[in-house]
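# Coordinate analysis (summary)
The lines below spell out each chain.
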Amino acid sequence: MKKLIALIVTACLIGAAVFVFTTCDRNEEVDLSAKIEKKIVAYRTDLEDSAATLTSTKAIKKYLTGWAESKGIDCDVDEADNVILKIKASAPYKDAPPTVLLCGYDPEHFANCIDPMAVALYVAKNNEETGKLTVIFTEDKDHEFSGIQALDKKYFPDNANVFSLNGGTKNMWSVTTAGNSTYTFSGDIDRTEPKGNKAYRISIKGLPGGIPDEKIASYPNPIKELGDLLAYFKTNSVIFELAKINGGTSGNLYPKSASAVIVIDEDDHEKFEKRITTAIENFNDKYEGYGAVYSYKEVKTPDTVLTADDMNKLVSVLYTLVDGVYERDEEDEILSITNIGAIKCSGDNCTVYASGNSLTETGLNQIDLSYTTICGLSDIKYKKTSAQDGWFIDKPDDDLFVQEVSSAFKEYSDGTMKYRNNIAVTNCSYVYDKNPDCNLMSITVNWKRIEKYAGTLITFMMNQNQEK
């Protein structure tokens, strides 16, 4: 009997111990999640509050280096304006593979960088004493990857786990990212005195901009909108002359704004106002959530306008150039996109800047061919200004690194990782060129998932303990 009682007591004690340890484990998970959520929101808020001052490369470098100094983190800045934060491994992780976080910054489009920067800053400071960590903020003005291209390859040793953090409208983890080509379409223009006597500036502004991605079909491209409006005028007997049209900053980015100055005859005033009012109403109904302002106002009549031939040529090109989803596969997944990112048309020259992204080399070649054909028919000078390869992990289902990231995601969020092809362009191909023996993954994140994605990264690093 005494032996039976002893066994019962022992079993109860073991059960109680299991309960205690299980409860502790659960509390650790809850505490980590709560800790991340509280702190990462604070980092994001500080970046938002500072955004008005972070409008130059110098200002962003000063912010990041000052932040690192205040947190006691070793920090360097290289000649290409890359800011490198270095965190040593804790003792139990001295043999763990190093982790590298990459995060681009663009002073002219800083709002698009806030969310990935918040994740990078959080992980840099709160890495839970894991393995060696390098967090690198690369200069990425106009999404041209100048910083990563100039970055020393020593930061990407063999077997390093490298994560490319990017902002975007769709949260995703990717093992495939698109290749990219950029283009210019230009031509000299002749000018003449205007025949009309009433001038208007038509403008669309206040759009968020950003990096072209799978949401491109729903983004209200202001350059394309104005081009379509001018084409409508041309084909519906609204006689006008074009003085200038400008918008955007780079072929690699969504334009935030665009404007055109046109001249009409005073007698066509009512016809013009009726059509422009309809255009504004349709635009506002379709894109109400973007906060854009589509407006027009009378301005001083300019001294010169484009000749009729050159204006017709330009309007035709703007209408014909493809913008949006270019190709889908049989399952309706996007394979290729094109973007009209900027136009500069004043003085005696007009240039349109565009880009094309594709998950396949064939897709990029098809975009090249389309643009070549359009410009050949329009007598516009066409130039391919740059090309970037796509990147992918071959056989990701068999890749141990991919499996470990999936396990960390499930462990932290209790969700199943679903990897998506990223039609946006990232710096992954440049990292691969520097060292193909790194483990590499692309992450696109916005404010909705910053806590979950930061938690996954921390969990992944904690799971790299080689002594456990």
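That block above? That's the structure.
So, here's what we can say about the structure. All values reported here derive from a predicted model rather than from experimental measurement.

### Concerning the overall build of the protein chain
- When you go through the protein chain residue by residue, the secondary structure sums to 11 helices and 20 strands.
- Considering only C-alpha atoms, the protein chain reaches an extent of 110 × 50 × 40 Å along its principal axes.
- Within the protein chain, the fraction of its 468 residues that count as buried is 49%.
- Partitioning the contacts of the protein chain with sequence separation of at least 6, the portion at a separation of at least 24 is 80%.
- When the accessible area of the protein chain is evaluated, it comes to approximately 22800 Å², of which 49% is carbon and sulfur surface.
- For the protein chain, the centre of its 51 positive side-chain charges and the centre of its 70 negative side-chain charges are spaced 4 Å apart.

### What to know about the sheet that holds strand β2 (residues 83-87)
- An order of β1-β2-β4-β3-β5-β20-β6 is seen for the 7 strands of this open sheet, with the pairing classed as mixed. Of all the strands in the sheet, just β1 (74-77) and β6 (172-174) have a single pairing partner and so form its edges. Between one strand axis and the next, the sheet turns through 20° on average, direction left out of account.
- As paired elements, strand β3 (residues 99-105) and strand β5 (residues 161-167) share 5 bridges and run parallel to each other. For Leu-101, the partnering residue across the bridge sits in β5 and is Phe-163.
- Here helix α3 (residues 114-125) sits on the sheet and contacts β2, β3, β4 (133-139), β5 and β20 (439-445); the angle it forms with β4, its principal contact strand, is near 155°.
- Seen against the sheet, helix α9 (residues 400-413) touches β5, β6 and β20 and runs at an angle of roughly 40° to β20.

### Side note on the pairing of β20
- In terms of burial, β20 is largely enclosed, as 6 of its 7 residues are buried.
- Note: β5 against β20, 7 bridges, orientation parallel. Across the sheet, Phe-163 pairs through a bridge with Met-441, a residue of β20.
- As paired strands, β6 and β20 are joined by 3 bridges and run antiparallel to one another. Along β20, the bridge assignment pairs Ser-174 with Ser-442.

### Topic: the pattern of salt bridges
- In this structure the tally under the stated criterion is 12 salt bridges.
- Between Lys-141 and Glu-108 there is a salt bridge, with its nearest N and O atoms 3.4 Å apart. Residue Lys-141 is located in the loop between β4 and α4 (146-150), and its partner Glu-108 is located in the loop between β3 and α3; the two are separated by 33 residues in the primary sequence.
- For Lys-141, a relative accessible area of 37% translates into the label partly exposed.
- Residue class for Glu-108 comes out partly exposed when judged on its relative accessible area of 39%.
- Several salt bridges share partner residues, and in doing so they unite Arg-44, Glu-48 and Asp-115 into one network.

### Side note on unusual backbone geometry
- Phi angles above zero are rare outside glycine, and His-143 is one such case at about 55°.
- Tracing the sequence through the fold places His-143 in the loop between β4 and α4.
- With relative accessibility at 5%, the residue His-143 sits in the buried group.
- One non-glycine residue, Asn-159, lies in positive phi territory at about 70°.
- Relative to the helices and strands, Asn-159 resides in the loop between α4 and β5.
- Residue class for Asn-159 comes out exposed when judged on its relative accessible area of 51%.

### With respect to the packing of aromatic side chains
- On inspection of all chains with the given rule, the structure shows 23 aromatic pairs.
- With a centroid separation of 5.9 Å and an interplanar angle of 80°, the aromatic rings of Tyr-43 and Trp-67 are classed as edge-to-face. Of this pair, Tyr-43 sits in helix α1 (residues 2-50) while Trp-67 is found in helix α2 (residues 57-71), placing the two residues 24 residues apart along the sequence. Judged on exposure class, the residue Tyr-43 and its partner Trp-67 are both buried.
- Seen from their ring centres, Phe-163 and Phe-460 are 5.4 Å apart, and the 80° between their planes marks the pair as edge-to-face. Of this pair, Phe-163 sits in strand β5 while Phe-460 sits in helix α11 (residues 450-462); the two residues are 297 residues apart in sequence, bridging distant segments of the chain.
- Its relative accessible area of 1% is what places Phe-163 among the buried residues.
- Sitting over the face of the ring of Tyr-319, Lys-224 holds its NZ or CZ atom 6.0 Å from the ring centroid.

### Considerations on the nonpolar core
- Membership of the largest hydrophobic core comes to 73 residues, with the highest contact counts inside it found for Phe-137, Phe-156, Phe-163 and Trp-173.
- For this core, the element with the highest residue contribution is α3, accounting for 9 residues.
- Sequence-distant contacts of Phe-156, that is, excluding residues within four places in its chain, are made with Val-100, Leu-102, Ile-148, Leu-151, Val-162, Val-431, Lys-434, Asn-435 and Cys-438.
- Ranked by size, the runner-up nonpolar core spans 54 residues in total, among them Ala-258, Ile-262, Ile-264 and Tyr-287.

### Examining the packing of helix α5 (residues 222-235) against helix α6 (residues 269-286)
- Remark: α5 packs on α6, axes separated minimally by 12 Å, with the N-to-C direction vectors making an angle of 145°. For the pair α5 and α6, the sense of crossing is right-handed. The residues of α6 that touch α5, namely those facing Glu-225, Leu-229, Tyr-232 and Phe-233, are Phe-272, Arg-275, Ile-276, Ala-279 and Phe-283.
- Residues of the contact of α5 with α6, tallied by class, amount to 7 nonpolar, no polar and 2 charged.

Reading the values: the criteria
Residues numbered from 1 in each chain as written. Predicted model: local features only at pLDDT ≥ 70, side-chain atom pairs only at ≥ 80, totals over all residues. Heavy atoms only, no water. Helix = DSSP H or I, 4+ residues; strand = E, 2+ residues; numbered from the N terminus. Buried < 20%, exposed > 50% of the residue type's maximum accessible area, 1.4 Å probe, protein only. Contact = heavy atoms within 4.5 Å. Areas by Shrake-Rupley, 256 points an atom, 1.4 Å probe, with all protein chains shown as cover. Lys, Arg positive; Asp, Glu negative; His and termini not counted. Charge placed at Lys NZ, Arg CZ, Asp CG, Glu CD. Pairing = 2+ DSSP bridges. Axes fitted to C-alpha atoms, helices over the stretch in contact; angles between N-to-C directions. Salt bridge = Lys/Arg side-chain N within 4 Å of Asp/Glu carboxyl O. Phe/Tyr/Trp six-rings, centres within 6.5 Å; stacked < 30°, edge-to-face > 60°. Lys NZ or Arg CZ within 6 Å of the ring centre and 35° of its normal. Core = buried A, V, L, I, M, F, W, Y, C linked by side-chain atoms within 4.5 Å. Left-handed = near helix turned anticlockwise from the far one by under 90°. Nonpolar A, V, L, I, M, F, W, Y, C, P; charged D, E, K, R; others polar.

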